[in-house]
Amino acid sequence: MSDAALPVVSQSADVPNFEEMLKKLNDELKRSPFKSIEKFRFSFDGLDFEVHRAQRENDASFLINVTVGYMPFTIESGERREAIKTIIIASRRLPKVRFGVDTSSKILAGAVFDGARVERPDFIFYPLTLFMQEAWPFIKLIGKYLSSQPAPKPGPVTSC
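Note that this is a predicted model, so its numbers are computed, not measured.

This part is about the side chain of S91. Locating S91 in the fold gives a position in the loop between α2 (74-90) and β4 (98-101). Residue class for S91 comes out buried when judged on its relative accessible area of 2%. Setting aside residues no more than four positions away along its own chain, S91 makes contact with V97, F99 and F138.

For strand β3 (residues 60-70), the buried fraction is high: nine of the eleven residues fall into the buried class. Where β3 meets strand β5 (residues 106-114), nine bridges bridge the pair, whose relative direction is antiparallel. The residue of β5 that forms the bridge with F62 is F113.

On to the pattern of salt bridges. Summed over all chains, the structure comprises three salt bridges. The partner of E50 in a salt bridge is R41, and the shortest N-O contact between them spans 3.5 Å. Note on E50: relative accessible area 26%, which makes it partly exposed. In this structure, E82 and K85 form a salt bridge, with 3.0 Å as the shortest nitrogen-oxygen distance.

So, on to unusual backbone geometry. Backbone geometry at D45 places phi at a positive 55°, although glycine is not the residue there. Among the secondary structure elements, D45 is positioned in the loop between β1 (34-44) and β2 (47-56). The class of D45 is partly exposed, set by a relative accessible area of 49%. Positive phi values are uncommon outside glycine, yet S105 reaches one of about 70°. On the secondary structure map, S105 appears in the loop between β4 and β5.

Note: predicted coordinates in regions of low pLDDT should not be interpreted at a detailed level. On average, residues of the chain score 75 in pLDDT, and 65% of them are at 70 or above. Taking the mean pLDDT of every element in the chain, the minimum, 66, falls on helix α1 (residues 18-31) and the maximum, 91, on β4. Low pLDDT, under 50, characterises residues 1-15; the predicted model gives this stretch 38 contacts beyond four residues in sequence or across chains. A low-confidence stretch, residues 150-154 (pLDDT under 50), is modelled with three contacts involving residues beyond four sequence positions or located in other chains.

Cut-offs and rules
- Residue numbers here run from 1 along each chain, matching the order of that chain's written sequence.
- Side-chain atom pairs in this predicted model are given and counted only at pLDDT of 80 or more, local residue features only at pLDDT of at least 70, and totals for whole chains, interfaces and linings cover all residues.
- Excluding hydrogens and water, the side-chain figures rest on all heavy atoms present in the structure.
- By definition, any uninterrupted DSSP run of H or I lasting at least four residues is a helix, any uninterrupted run of E lasting at least two residues is a strand, and each is numbered from the N terminus.
- Note on exposure labels: buried denotes an accessible area under 20% of the residue type's maximum, exposed denotes more than 50%, and partly exposed covers the range between, all computed with a 1.4 Å probe on protein chains only.
- Contact between two residues is taken to exist if any of their heavy atoms lie within 4.5 Å; hydrogens are not considered.
- Strand pairing is defined by DSSP finding a minimum of two bridges between the two strands.
- Salt-bridge detection follows one rule: a side-chain nitrogen of Lys or Arg within 4 Å of a carboxyl oxygen of Asp or Glu.
- Per-residue confidence from the predictor is reported as pLDDT, which spans 0 to 100.

In structure tokens form, the structure reads like this:
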């Protein structure tokens, strides 16, 4: 699989650019009456999550994203890189969550959820649960490839 087959967040129509998505959401909210935009950050299992909640008069939206890690360099481990690309491409069938790689080789996961029916105090937990149910198996699988050490190269064969 070539690097051209890897979804790059800023270039693929199937995989959203999460920064652009957040900017678009914020721009839309600036043009319409809204109550607030809340930002939450938390860490879970070594990953830093960001949740943006935009509350309008009668509805809300949640943008949840996480940086899973960075793509290994081909020279470092071509096998791990190819495996991660395959996982990201396979994740395209998820209903909400999208995985992708941005131009700085960050592996990202994110989703937008409609939160109009969700009220305090549980307002953040419902979309987070939906996100984690979809994304977590893929995050763990990618994590195995990111944390595994490259196989040692065989040394020269010497005969006695």
